[in-house]
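Overview (structure and organization)
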Amino acid sequence: MRFGLQRLTGLLVSFVLLVTVTFVIIPLIPGDPAAAIAGPEASGAEIARIRGELGLDQPLHVQFFDYVGGLLTLDLGTSFASGQDVSAMILARLPFTGQLALFAILLTLIVSVPVGMLVAVLTHGGRRPWLDHVFNAVTSLVYSVPQYVMATLLVSVFAVGFRIFPAAGAETLLSLVLPTLALMLLPICVVSRVVRRETTVVLDQDYIRTARGWRIGRVRMFGRYVLPNVITTTLTLSGLILASQLGGAVVIETVFAWPGLGQGIVDAFLARDYPVIRGTILVLGLLATLIIIVVDVILAIVDPRTVEADHD
């Protein structure tokens with residue numbers, strides 16, 4: 001409980017920093033929101049009138065306190081471009097981003113943990129060096145490809161070439177396949193390499209040699225002695241990856257026209273829609289921080305040694 005409260009205190013500090021930094025940085029985006037709304041033919045007086053309606057003519061500190069006051073009542077403001085409530089806009093897009101990120105991290109764990117453990121077992125003790133070289137080469141090659149390039153390749157091959165999956169949109173479940181693949185391929189390479197290394201370390205421990213001496217079955221040995229000692233590092237890394245997936249979804253959603261927060265924030269940047277940009281970044285930042293905290297608490301339950309190390 002004390003460990004969880006400490007992490008929640010960190011969440012509060014992160015929230016304050018996130019609110020302050022996003023509010024200060026967003027006005028530095030080139031372009032005037034009032035001019036974007038008024039159009040290229042608008043006069044200076046018309047632009048000044050719109051600035052007054054949006055509250056952009058107020059001093060920055062006054063705008064900041066108004067913004068914080070709205071946050072205290074769970075009001076993220078009103079979109080400059082559409083006039084819609086920002087909270088409603090984010091809630092409408094959040095399930096799409098959450099669905100994409102959740103599928104990506106689940107499939108990453110389902111694929112990378114068995115693959116990493118299997119490669120470690122097959123190459124343990126210097127056996128099958130060719131497999132070791134192939135594994136390192138393939139994971140390094142895939143990891144070196146940027147996500148937007150990977151997304152474009154997937155569209156070119158499976159949507160344009162073979163026409164198996166839709167290239168964009170979110171009309172059917174098949175539309176989820178390519179964005180999920182583009183988002184999960186890089187994390188699979190990272191997690192599988194970490195799992196393979198951790199499994200190799202565990203296999204060299206004395207208690208594994210003892211388990212083999214007792215002729216414990218392979219399934220029981222790996223399930224009871226190897227996997228629990230590998231899962232701690234895997235969960236830690238997976239939490240960080242899931243948090244980063246929320247940011248990576250911005251690029252992936254843009255490529256696939258996926259109607260999530262990533263596509264929404266790109267549209268907001270183009271329109272200089274300050275409230276939508278601030279609200280989206282705030283929600284993504286809080287979700288990322290909350291995910292890491294939840295993973296920390298799960299690790300504290302699974303392995304109490306993490307709490308002791310944190311206190312030390």
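Small disclaimer: the values here were computed from a predicted structure and weren't measured.

Notes on the overall build of the protein
Check the secondary structure of the protein and you find 13 helices and 0 strands. Along the protein, from the amino end to the carboxyl end, the secondary structure elements read α-α-α-α-α-α-α-α-α-α-α-α-α. By principal-axis analysis of the C-alpha atoms, the protein measures approximately 85 × 55 × 30 Å. A burial count over the protein gives 39% of its 312 residues as buried. Partitioning the intrachain contacts of the protein with sequence separation of at least 6 by distance along the chain shows that 73% fall at a separation of at least 24. Just so you have it, the protein exposes about 16700 Å², and 69% of that area is on carbon and sulfur atoms.

Considering the environment of Leu173
Assignment of secondary structure puts Leu173 in the loop between α7 (147-161) and α8 (177-203). Classification of Leu173 as exposed rests on a relative accessible area of 69%. Sequence separation of Leu173 and Phe96 is 77 residues, and the distance between their C-alpha atoms is 12 Å.

Concerning the environment of Leu186
By the element assignment, Leu186 lies in helix α8. Residue classification places Leu186 among the buried positions, given a relative accessible area of 13%. Sequence separation between Leu186 and Ala257 is 71 residues; the distance between their C-alpha atoms is 20 Å. Those residues in contact with Leu186 that sit more than four places away from it in its chain are Val142, Tyr143, Val145 and Gln147.

Concerning the packing of aromatic side chains
A full pass over the atoms with the stated rule returns 6 aromatic pairs. For the ring pair Phe96 and Trp258, a centre distance of 6.0 Å and an interplane angle of 80° mean the geometry is edge-to-face. With Phe96 in helix α5 (residues 86-123) and Trp258 in the loop between α10 (218-256) and α11 (261-271), this residue pair connects regions lying 162 residues apart in the sequence. For Phe96, a relative accessible area of 27% corresponds to the partly exposed category. An aromatic cluster of at least three residues, connected via ring pairs, comprises Phe23, Phe64, Phe65 and Tyr67.

Here's the deal with the side chain of Ser175
Following the sequence through the fold, Ser175 ends up in the loop between α7 and α8. Residue contacts for Ser175: discarding those within four places in its chain leaves Pro166, Ala168, Gly169, Ala170 and Trp258.

Overview of unusual backbone geometry
In the Ramachandran plot, Arg163 falls in the positive-phi region, its phi being about 55° despite a non-glycine side chain. Located in the positive-phi region is Arg272, a residue other than glycine, with phi close to 55°. Within the element layout of this structure, Arg272 appears in the loop between α11 and α12 (274-302). Taking relative accessible area as the criterion, Arg272 reaches 28% and is therefore assigned partly exposed.

With respect to the nonpolar core
If you look at the biggest cluster of nonpolar residues, it comprises 26 residues, and the most contacted ones within it are Tyr67, Leu71, Leu76, Ile90, Leu246 and Leu282. At the level of elements, α1 (2-25), α4 (60-72), α5, α10, α11 and α12 are the ones that each hand at least two residues to this core. Per-element accounting of this core gives the leading share, 10 residues, to α12.

Side note on the pattern of salt bridges
Applying the stated criterion across every chain yields a total of 5 salt bridges. One salt bridge connects Arg49 with Glu46, and the closest N-O pair in it is separated by 2.5 Å. Of this pair, Arg49 and Glu46 both sit in helix α3 (residues 44-54), 3 residues apart, which is roughly one turn of the helix. For Arg49, a relative accessible area of 40% puts it in the partly exposed group. A salt bridge links Arg49 to Glu53; its shortest N-O distance comes to 2.3 Å.

A word on a nonpolar patch on the surface
There is a patch of nonpolar side chains on the surface, built from Leu102, Phe103, Leu106, Leu107, Ile110, Val111 and Val115 and spanning about 570 Å² of accessible area. Inspection of the secondary structure puts Val115 in helix α5.

Some points on α7
Here α7 is 15 residues long and its end C-alpha atoms lie 20 Å apart, about the 21 Å a rise of 1.5 Å per residue gives. Of all the bends found along α7, the most pronounced is centred on Val155 and spans about 30°. Residues Gln147, Met150, Ala151, Leu154, Val155 and Ala159 constitute the buried set of α7. Trailing α7 by a residue or two, Arg163 shows a phi angle of about 55°, which is positive.

A word on the side chain of Ser87
Relative to the elements of secondary structure, Ser87 occurs in helix α5. Residue class for Ser87 comes out buried when judged on its relative accessible area of 16%. Sequence-distant contacts of Ser87, that is, excluding residues within four places in its chain, are made with Leu74 and Leu76.

A word on the UniProt feature "transmembrane region" (unreviewed entry) in the protein
UniProt tags residues 12-30, 100-122, 134-161, 173-195, 222-243 and 282-302 as "transmembrane region" (unreviewed entry). Helix makes up 100% of residues 100-122 and strand 0%, with an end-to-end C-alpha separation of 33 Å.

Side note on the packing of α7 against α8
The N-to-C vectors of α7 and α8 enclose an angle of 140°; their axes lie 9 Å apart at closest approach. By the angle class used here, α7 and α8 are oblique. Viewed along their axes, α7 and α8 form a crossing whose handedness is right-handed. Facing Gln147, Met150, Ala151, Leu154, Val155, Phe158 and Ala159 of α7, the residues of α8 in contact are Leu178, Leu181, Ala182, Leu183, Leu185 and Leu186.

About the criteria used
Residues numbered from 1 in each chain as written. Predicted model: local features only at pLDDT ≥ 70, side-chain atom pairs only at ≥ 80, totals over all residues. Heavy atoms only, no water. Helix = DSSP H or I, 4+ residues; strand = E, 2+ residues; numbered from the N terminus. Buried < 20%, exposed > 50% of the residue type's maximum accessible area, 1.4 Å probe, protein only. Contact = heavy atoms within 4.5 Å. Areas by Shrake-Rupley, 256 points an atom, 1.4 Å probe, with all protein chains shown as cover. Phe/Tyr/Trp six-rings, centres within 6.5 Å; stacked < 30°, edge-to-face > 60°. Core = buried A, V, L, I, M, F, W, Y, C linked by side-chain atoms within 4.5 Å. Salt bridge = Lys/Arg side-chain N within 4 Å of Asp/Glu carboxyl O. Patch = residues over 30% accessible without salt bridge, like charges linked within 9 Å, V, L, I, M, F, W, Y side chains within 5 Å. Expected span 1.5 Å × (residues − 1). Bend = angle between axes of the 7 residues up to and from the residue. UniProt positions renumbered as here; feature names shortened; annotations may be inferred. Axes fitted to C-alpha atoms, helices over the stretch in contact; angles between N-to-C directions. Parallel < 35°, antiparallel > 145°, perpendicular 65-115°, else oblique. Left-handed = near helix turned anticlockwise from the far one by under 90°.

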